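Now for the letters of each chain:
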Amino acid sequence: MAERARLLLLGGTGEAAALARRLAGDARIETITSLAGRTRTPAALPGRVRVGGFGGAAGLAAYLANEKIDLLIDATHPYAARMPHAAAEACVRTGVPRVRLLRPTWVRAPGDRWIAAGDLAAAAAALPGLAHRVFLTTGQRDLPAFAPLTEIWFLIRLIEPPADRLPLTQCQVLLDRGPFRAEDESALMRAHRIEAVVSKNSGGEATYGKIAAARALGLPVLMIERPAQPSGETVASIENCIAWIAAQRN
Ligand SMILES: NC(=O)c1ccc[n+]([C@@H]2O[C@H](COP(=O)([O-])OP(=O)(O)OC[C@H]3O[C@@H](n4cnc5c(N)ncnc54)[C@H](OP(=O)(O)O)[C@@H]3O)[C@@H](O)[C@H]2O)c1
């Protein structure tokens, strides 16, 4: 490995941004953060940033070789279903060491009324009969699964205004970027007379407020399970990522 290692950081999460900021002060690492390009105004990041898909595992393998990448950290969101697998395959092909940074899941606490849903369709199927007013926090791309539920009113929270008309019959859109405090989430849910929450098990602090608020209000949470992850080394924190980088360099 060269004196200054080139690191490709697959991002799109708060952890990836925090890791990029941590590595910005390390002269021995050159970090390139990669974003899918879903957010039109992503938060500012230090170091080099590239935007857009690579074209599957083959495209990423070519990028790793062309850019002479030494290390890859996959810090994509726990619900990014394709990128982690493409990264695993591309790194096997090219021999680039890879680690997955994956937040631990939230764990059910006493008083939680979670209902496990295998996927978005299962969550949508469980809603009729459970609630008429639902706080749906899964993200804009996941809304079509709920389109058939014309009798249910949804409160949707998005980071930026939707580019297209939303596929829901009855909904209100809130624009906001986390972190969200439990007290504020509780007040929001009360104000909108929310009866159930639909959430991914994203883990981390930034969006846990709605889970704590649902518990406090006694509301059910339809918790969508995480997609399968590729095998390989996984770390749960930024500190462990930094330690992994150090170990690769020795
Ligand atoms: N899914 C969520 O709930 C969620 C929530 C918050 C943030 N995000 C972030 O949003 C991005 C897209 O999420 P997704 O659910 O669409 O993931 P995905 O299903 O794994 O990705 C779909 C495609 O988008 C491209 N892509 C994804 N992440 C990329 C990255 N960091 N850099 C370059 N290209 C990337 C890849 O295209 P090619 O095949 O062409 O390479 C990938 O095949 C991810 O970076 C993720 O971290 C997702």
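For the structure itself, consult the block above.
Position numbers for residues count from 1 along each chain, tracking the sequence in the order it is written. The model is predicted, so local features are restricted to residues of pLDDT at least 70 and side-chain atom pairs to those at 80 or more, both for listing and for counting; the totals for chains, interfaces and linings are taken over all residues. Hydrogen atoms and water are omitted, and side-chain values are computed over all heavy atoms in the structure.

Attention now moves to the pairing of strand 10 (residues 196–200). The buried fraction of strand 10 amounts to five of the five residues, a majority that puts the element mostly inside the structure. Relative accessibility under 20% of the residue-type maximum defines a buried residue, over 50% an exposed one, and the middle range a partly exposed one, all with a 1.4 Å probe and only protein chains included. A run of H or I in DSSP counts as a helix once it spans at least four residues, and a run of E counts as a strand once it spans at least two, with each numbered from the N terminus. Side chains of strand 10 alternate between two faces, with Ala-196, Val-198 and Lys-200 and Val-197 and Ser-199 buried alike. Pairing between strands is defined by DSSP: at least two bridges between them are needed. Judged from the four bridges that link them, strand 10 and strand 11 (residues 220–224) form a sheet pairing that is parallel. Bridged to Val-197 within strand 11 is Val-221. We call a crossover right-handed when, viewed with both strands directed away from the observer, the connection leading from the first strand over the helix to the second proceeds clockwise. Considered for its hand, the β-α-β crossover made up of strand 10, helix 6 (residues 209–217) and strand 11 is right-handed.

Before going further, it helps to examine empty space enclosed by the protein. Space inside and on the surface of the protein is sampled on a 1 Å grid over the protein atoms alone, with a cavity defined as a set of points where a 1.4 Å probe fits but cannot get out and a pocket as an open set with protein on both sides within 12 Å along at least 5 of 7 lines; lining residues have an atom within 4 Å of a point. Grid points are joined across faces, edges and corners, and a volume is the space filled by probe spheres set on the points. Evaluation of the coordinates by the stated rule reveals one cavity of 30 Å³ or more. Space inside the largest cavity adds up to approximately 40 Å³. What lines the largest cavity is simply Thr-13, Glu-15, Ala-75, Thr-76, Pro-78, Leu-101, Leu-102 and Arg-103. Here the nonpolar group is Ala, Val, Leu, Ile, Met, Phe, Trp, Tyr, Cys and Pro; Asp, Glu, Lys and Arg are the charged ones; every other residue, Gly included, is treated as polar. Its residues assigned to classes, the lining of the largest cavity comprises four nonpolar, two polar and two charged.

Residues are labelled near a given molecule or strand when at least one of their non-hydrogen atoms is within 4 Å of it. Around the ligand, the surrounding shell holds 23 residues, and the nearest of these are Ser-34, Phe-54, Met-83, Arg-141 and Lys-200. Polar contacts here mean pairs of N or O atoms no more than 3.5 Å apart (in protein, one a potential hydrogen donor and the other a potential acceptor; neighbouring residues in sequence count only if both atoms are side-chain atoms). Between an oxygen atom of the ligand and a main-chain N or O atom of Arg-82, the distance comes to 2.8 Å. A distance of 2.6 Å separates an oxygen atom of the ligand from a polar side-chain atom of Arg-141.

Next up on the list: the sheet that holds strand 10. The strand order 6-11-10-7-8-9 describes an open sheet built from six strands, whose pairing is parallel. Of all strands in the sheet, those bounded by a partner on one side alone are strand 6 (113–117) and strand 9 (170–175). Adjacent strand axes in the sheet meet at a mean angle of 20 degrees, parallel and antiparallel pairs treated alike. As paired strands, strand 6 and strand 11 are joined by five bridges and run parallel to one another. Residue pairing across strands places Trp-114 opposite Val-221, the latter belonging to strand 11. Interaxial angle, 0 to 180 degrees, is taken between N-to-C directions of lines fitted to C-alpha atoms, where a helix line uses only the stretch in contact.

Ordered in space as 3-2-1-4-5-12, the six strands form an open sheet in which the pairing is parallel. The strands lining the two open edges of the sheet, one partner per strand, are strand 3 (48–51) and strand 12 (234–235). With two bridges joining them, strand 5 (residues 98–101) and strand 12 adopt parallel strand pairing. Bridge pairing in strand 12 places Arg-100 opposite Thr-234. In what follows, a contact means two residues having at least one pair of non-hydrogen atoms within 4.5 Å. With respect to the sheet, helix 1 (residues 14–24) is in contact with strand 1 (5–10), strand 2 (29–35), strand 4 (71–74) and strand 5, its orientation differing from that of strand 1 by roughly 160 degrees.

Take the packing of helix 5 (residues 182–191) against helix 6 next. Put simply, helix 5 and helix 6 touch, their axes get as near as 8 Å, and they point 60 degrees apart. In terms of their interaxial angle, helix 5 and helix 6 are classed as oblique. Where helix 5 crosses over helix 6, the two elements pack in a sense that is right-handed. Taken together, the residues of helix 6 that come into contact with helix 5 (itself represented by Ala-182, Glu-185, Ser-186, Met-189 and Arg-190) are Gly-209, Lys-210, Ala-212, Ala-213, Ala-214 and Leu-217. Here the residues of the contact of helix 5 with helix 6 sort into six nonpolar, two polar and three charged. With respect to orientation, any angle under 35 degrees is reported as roughly parallel, any angle over 145 as roughly antiparallel, any angle of 65 to 115 as roughly perpendicular, and every other angle as oblique. In a left-handed crossing the near helix is turned counterclockwise from the far helix by less than a right angle, and in a right-handed crossing that turn is clockwise.

Our focus in this paragraph is the nonpolar core. Grouped burial of nonpolar side chains is what soluble globular proteins tend to show. As used here, the term nonpolar core means buried Ala, Val, Leu, Ile, Met, Phe, Trp, Tyr and Cys residues forming a set that is joined through side-chain atoms within 4.5 Å. Core analysis: the largest hydrophobic core is formed by 21 residues, its most contacted members being Leu-127, Phe-146, Phe-154 and Val-198. Breaking this core down by element, the ones donating at least two residues are helix 4 (120–126), strand 7 (133–136), strand 8 (153–158), strand 10 and strand 11. Looking at which element gives the most residues to this core, the answer is strand 8, with three residues. Beyond its immediate chain neighbours, meaning those up to four positions away, Phe-154 contacts Leu-127, Val-134, Leu-136, Phe-146, Leu-149, Leu-168, Gln-170, Cys-171 and Gln-172. Among the nonpolar cores identified, the runner-up in size contains 18 residues, and Ala-20, Ile-29, Ile-73 and Ile-245 belong to it.

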